[in-house]
Every structure is written in C-alpha cells, then in structure tokens.
Number of protein chains: 2
Amino acid sequence: MKLIFIFVFIYFLVFDTMATRNVLLLSSSKLHGFELLEFAENEISELLNRNKVENVLFIPYALKDHDEYLKNVEKPFKKWGFNISSIHTQEPLLAIKDAEAIFIGGGNTFRLLKTLYDLKLVEPIRKKVLQQGMPYIGASAGSNVATASIHTTNDMPIVYPPTFEGLGLVPFNINPHYIDADPNSTHKGETREDRIRQYQEEDHSKTVLGIREGCMLNIKDNTLAVKGVNGGRLFEKGKEPRDVNVGSFLNFLLESS
Amino acid sequence: MKLIFIFVFIYFLVFDTMATRNVLLLSSSKLHGFELLEFAENEISELLNRNKVENVLFIPYALKDHDEYLKNVEKPFKKWGFNISSIHTQEPLLAIKDAEAIFIGGGNTFRLLKTLYDLKLVEPIRKKVLQQGMPYIGASAGSNVATASIHTTNDMPIVYPPTFEGLGLVPFNINPHYIDADPNSTHKGETREDRIRQYQEEDHSKTVLGIREGCMLNIKDNTLAVKGVNGGRLFEKGKEPRDVNVGSFLNFLLESS
C-alpha cells in the first residue's frame, strides 16, 4: 500500500514537471501575399488537433479595438474548424482557467504585457502552459511576451508596464519582424542588428533569436524547430550572429540563455 | 528702503520664472553627406556664443563606450572653438552644478534615461535649464529625454528605467529620425505613423512632433522654430497629422500638450 502511494507520488511529480510544452511563436500574423495567419495554417491546425482542442481563447489586448480584432481573427480559425472566443467578453481569470488553448495576437507589446500584468494573468498563463501543457500560440507581440523578456521588442513604449519580464515560456528573447539592414539606406537610425547588439552590451541580456516575417518557432517539449517560409538570425552573447534556416532545430536554446 | 526690497524681490521673482529657455533639439547627430553634427554647426555655435559659453559638458550615457564617444564628439566642438569635457570623468552632480551648457548625445534612450535617474541628475538638469537658462543641446536620444516622456522613442527597451517621464524641458513628445512609410514596402511591421497613432490611443498621450533627420527644434523662451535641412510631421490628438516645414514656428506647442 505504502509502495503504491510512493509510485503515485512519483508519477505525479514526473507528470507535473514533464507536461508537454506546446508553444508556437509566429513572427507575424500577416505575411505579404497571404491572408491573415494563412502561412501558419498547417502548424496551427496540427498543434490544436494533436491536443484535441476545439475552442481557442483569443487575447486581443495588444490592439485597442478588441471587437474589431476578434472579427478579423475569427475568420481563419473558423475556416480551419476551430471555435474562437475572446477574453475581453469574459471574466479573464476564469477564461484562462477554462481555456483549452490560447492565441495572443500582435499589436503593441508594451500595451499587451501591461494588460496581462494589470489583470494578473501572467502567472496563470505560465502555469497552464508549462505545468498543464496548454497550447500557446503567439504572433508578433504575442510571441514577444511569451519569452524571457520584452527587452528586444521593436514596438514603441506607449505605456509603462510594471516590468519587462515576460511569460518565460522559453528562456531566451526573440525579435519578431526581424529585418536585415538595407545596404543602400542613408537613414542614420540604428539597424535592427545595432539595436540587438546594444541590448547584448547589458549585463542582464540574453540570447536573442531574430525571426524574419513568415518564420515560426515550434516548441514541443524540449525541441525547438524553426518553421515557416523564412528563417531567422541568432544573436548569442560574445559570438558572431548567424542565420538559422527553416528546418533547423535549436533545442539548446531551451536549456538556458 | 522697504520699496527697494520690494523691487528687488519682484525683480528676482520675475527673473527666476522668466529665465531664458535655451534648448536645441536635433533629430540626429549624423546626417547623410555631413560630418558628425556638421549640419547643426550654425545653430549650435549661435546658441553657445549668444550665451557666452566656452565650456560644454558632454553626457555620453546613451552609448556604452564613453571614452570613444567623447573622442568623436570633441572634434566638431573643438573645431568650432568650444572646450568640451565629459561627465563620465567627473563627479556627475558637481559637473551639472558647474556646467555652462550641456550636450546630450544619441544612442539608446532607455539606457540614457535610466542612467540620468540612477545618478539623480534629472531634477538638477531640469532646474539648470528652466530656472537658470543653461543652454541644452540634445541629439536623438538626448532630444527624446528632454521632452515630456520617452513614450515615442524608436529605441529598443534594452534596460528598464524607473519611469518613462523625461526632463520635461518642453511639454510635448518628439519622435526623432522620423521617417515616412515606404509605399513599396512589403514588410508588415507597423509604420512610424502607425506607432504614433497607437500611442495617441492611450489616455495619457501627448502631442507628438516627428522630426526628420536633419531637423532641429530651436526653443528660445516661448518660441519654437523648426530649423535645419528637413522638417517634421505633427501629430495632435484627434487631428489629421500634418507636415511642418523648416522656417515655421510652433510656439503653441510650448503652451501645453
């Protein structure tokens, strides 16, 4: 009898810490030549079907007009056979508690992160994803907030969040909409690479994965696959930045950063 | 005798609140086809000479390598006949106290603002400029921190400052390196105009003056002249944005925002 309890205890201990991580981070929701989210259809559908998800909870806080945002996002999800409801029409904490999967859309990363903190949703989302394996899909700002911090967002700091720490679903940072410097530009603002270098001059900085438009990071347990129609560029501290191609695995990024 | 005291009292009261504001905000320090700060030579020299300044205090906190930064900035100032010393080689508060004029260079706005707060320099600089008329020259990040807030910087939030409130030398916000959307771009990141619109959706937001590279704002007392080789674009809440040309005056922006 004692032995059974010990086995059950160990089972739950292992089960709890080994819950499948199901995180899909898109660089953007729009891609030139595609309908909204269309380029990510296969990855999104596969992730949701694999986890037997029928209902997706949408988090529209990165944009101001939540109703309008929901209308736009409903189309692709319904077309692919999923129901979608928005957190802004529900009691937010309860909605997260009951969620089968969440999709956080793009917009302004500061506004999104501040709202998640204001509504005390950061910890509940983190637990659902990391301890219960709830599928998480993020696009642009929704991908930024999923990482270690938003220190490498491109967005304008239109509001002041209580911290720049993100959901921590992965231990590194990303830079969505990553774009290479235009060698013909005469504009003297910093290039994207300059900006990421400046971040990595700081002691607290982490590895940054720049993801080009149309790139996706598919994180399943402890594997990280680069997916989509474009790759990324990896910035590790003290190393030369390097391109990462679609189809490559960057599992080491999940270990620490 | 009593009357003399009253006159002296009134004189100092008026003198104190009427101290000349001498603020020159450059969109950038570099401009295509010009040496560092060269495009601003006339404005900078005129401002410093008018105020009989011989020694300029340089504030290099927006970049990591302060020695290197000083070396680059020394050249133009020395060429124009001014001595320049950097705050990073001195006791910062004393240096501000003794400064005849300050120049804050560009780099990362978050890093600059955080350092100013960490070293408790925000209030001393504000007082020297607004109450004692000390000339203030800012470029890019150095212009951003001079305004109401840094909510409209383009920079990456590489560090977390204790607030986004700036020095408040003017009551509005600016967006340096302002650039119009490229109509041929297929990139789906927000345009500069989109970002400023997002800021102005927020309740706390202010008027934003986008200043193109090569644009300068020359603020003398209660006049604001648009100077330089390029103009700007003005975003007032609830109004259509509009271009402002070199040579125009925007004194109303100094009244409130």
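Thresholds applied
- Residues numbered from 1 in each chain as written.
- Chains lettered and ligands numbered in written order.
- Predicted model: local features only at pLDDT ≥ 70, side-chain atom pairs only at ≥ 80, totals over all residues.
- Heavy atoms only, no water.
- UniProt positions renumbered as here; feature names shortened; annotations may be inferred.
- Least-squares fit on C-alpha atoms with pLDDT ≥ 70 in both.
- Helix = DSSP H or I, 4+ residues; strand = E, 2+ residues; numbered from the N terminus.
- Buried < 20%, exposed > 50% of the residue type's maximum accessible area, 1.4 Å probe, protein only.
- Pairing = 2+ DSSP bridges.
- Axes fitted to C-alpha atoms, helices over the stretch in contact; angles between N-to-C directions.
- Contact = heavy atoms within 4.5 Å.
- Buried area = accessible area lost by both parts, 1.4 Å probe.
- Salt bridge = Lys/Arg side-chain N within 4 Å of Asp/Glu carboxyl O.
- Polar contact = N/O pair within 3.5 Å; in protein donor to acceptor, adjacent residues only side chain to side chain.

As recorded by an unreviewed UniProt entry, chain A carries the name dipeptidase E and is attributed to Diabrotica balteata. Heading Function (unreviewed entry) of the UniProt record for chain A holds this comment: "Hydrolyzes dipeptides containing N-terminal aspartate residues." According to UniProt, the comment filed for chain A under the heading Catalytic activity (unreviewed entry) is "Dipeptidase E catalyzes the hydrolysis of dipeptides Asp-|-Xaa. It does not act on peptides with N-terminal Glu, Asn or Gln, nor does it cleave isoaspartyl peptides."

Student: Explain the relation of the copies chain A and chain B to me, please; I cannot follow it from the model alone.
Tutor: Note on the identical chains: chain A maps onto chain B by a rotation of 180° and an axial translation of 0.0 Å, with an RMSD of 0.1 Å. Given the turn and translation reported, the copies of this chain are related as if by a two-fold rotation axis.

Student: What exactly am I supposed to notice about unusual backbone geometry here?
Tutor: All names here are of chain A. Positive phi, normally seen in glycine, also occurs at Lys120, with a value near 55°. With respect to the element layout, Lys120 can be found in the loop between α5 (109-118) and α6 (122-132). Judged by its relative accessible area of 61%, Lys120 falls in the exposed class.

Student: Where do I start with the sheet that holds strand β6 (residues 173-178) of chain B in this structure?
Tutor: By way of backbone hydrogen bonds, the strands of a sheet pair with one another, either parallel or antiparallel. All names here are of chain B. Taken in spatial order, the four strands of this open sheet run β6-β7-β10-β11, and their pairing is mixed. Strands with a single pairing partner mark the edges of an open sheet, and in this sheet they are β6 and β11 (242-244). The mean angle between the axes of side-by-side strands here comes to 25°, regardless of whether they run parallel or antiparallel. Relative to strand β10 (residues 232-235), strand β7 (residues 208-212) is paired through four bridges, and the arrangement is antiparallel. The partner of Gly210 across the bridge, within β10, is Arg233. The sheet contacts of helix α8 (residues 192-200) involve β6, β7 and β10, and relative to β6 the element is tilted by about 170°.

Student: Help me out: how do you make sense of the interface of chain A and chain B in this one?
Tutor: Interface extent is often summarised as the accessible area lost during association of the parts. Tallying the contact residues gives 41 residues for chain A and 41 residues for chain B. Overall, the association of chain A and chain B removes approximately 3,600 Å² of surface from exposure, summing both partners, and the carbon and sulfur fraction of that is 56%. For the interface between chain A and chain B, the tally reads six salt bridges. A salt bridge links Asp155(A) to Arg195(B), with the shortest nitrogen-to-oxygen separation between them at 3.8 Å. Between chain A and chain B we count 23 residue pairs in polar contact (both at pLDDT 80 or more) in total.

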